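Structure assessment
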Amino acid sequence: MKILKHPDTFLRQPTEEVEFPLSEENSIIIDNMIKLMYIANGIGLAANQVGYNRRMFVMDTSNERDKPQVFINPVVTAKNNLKMKWEEGCLSCPGEHKKISRSLSVNLEWMCRHGKKQHKTFFQFPAVVVQHE
């Protein structure tokens, strides 16, 4: 598994919803995405960045870098009107950083690996990562 680099056209292709129960292939993809995210010193990685057109991403915004989170079929259900600017990088655009305006908080719904619906409001830095991915 490798991270696709911009301008690879696969990065712009639509992703497909993941079906449950989670297939062994999708489970392996998720595990490998987590490993690759850490190897690449990233904080988030979407499946399309590694050549899979599945609607899922992983992230770890913890200081210890030991709390990976998995988001399958994520949907942003609400965004705060207050914006903030963060300097962002992307594993698919190595060495590039841009200031991007993002909502201060976002409400997200997704499925966990076990097929259970989840929802949470993310604030500040984690909200930026969720919106980026």
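Criteria and cut-off values
Residues numbered from 1 in each chain as written. Predicted model: local features only at pLDDT ≥ 70, side-chain atom pairs only at ≥ 80, totals over all residues. Heavy atoms only, no water. Helix = DSSP H or I, 4+ residues; strand = E, 2+ residues; numbered from the N terminus. Buried < 20%, exposed > 50% of the residue type's maximum accessible area, 1.4 Å probe, protein only. Contact = heavy atoms within 4.5 Å. Areas by Shrake-Rupley, 256 points an atom, 1.4 Å probe, with all protein chains shown as cover. Polar contact = N/O pair within 3.5 Å; in protein donor to acceptor, adjacent residues only side chain to side chain. Core = buried A, V, L, I, M, F, W, Y, C linked by side-chain atoms within 4.5 Å.

1. Observations concerning the overall build of the protein
For the protein, the helix and strand inventory stands at two helices and seven strands. Ordering the α and β elements of the protein from the N terminus gives α-β-β-β-β-β-β-β-α. On the principal axes, the C-alpha backbone points of the protein span a range of 40 × 35 × 30 Å. For the protein, with 133 residues in total, the buried portion stands at 38%. Across the protein, the fraction of contacts at a sequence separation of at least 24, relative to all contacts at a separation of at least 6, is 58%. Split by element, the accessible area of the protein, about 8,000 Å² in all, is 50% carbon and sulfur.

2. Some thoughts on the side chain of Asp-60
Tracing the chain through its elements places Asp-60 in the loop between strand E2 (56-59) and strand E3 (69-79). A polar contact of 2.6 Å, which involves the side chain of Asp-60, links it to the side chain of Ser-62. Apart from residues lying up to four places away in sequence, Asp-60 is in contact with Met-37, Tyr-38, Ile-43, Arg-65, Asp-66, Lys-67 and Pro-68.

3. Overview of the nonpolar core
Note that soluble globular proteins tend to have their nonpolar side chains buried in a common cluster. Counting residues in each nonpolar core, the largest one holds 18 residues, and the members touching the most others are Ile-30, Met-33, Leu-45, Met-56, Val-58 and Ile-72. Ranked by the residues each element gives to this core, the list is headed by helix H1 (residues 24-39), at six residues. Apart from residues lying up to four places away in sequence, Met-33 is in contact with Met-1, Leu-45, Ala-46, Ala-47, Val-50, Met-56, Phe-57 and Val-58. With 11 residues, the next largest nonpolar core counts Ala-46, Met-59, Trp-110 and Phe-122 among its residues.

Everything listed is a geometric property; what it means functionally is a separate question.
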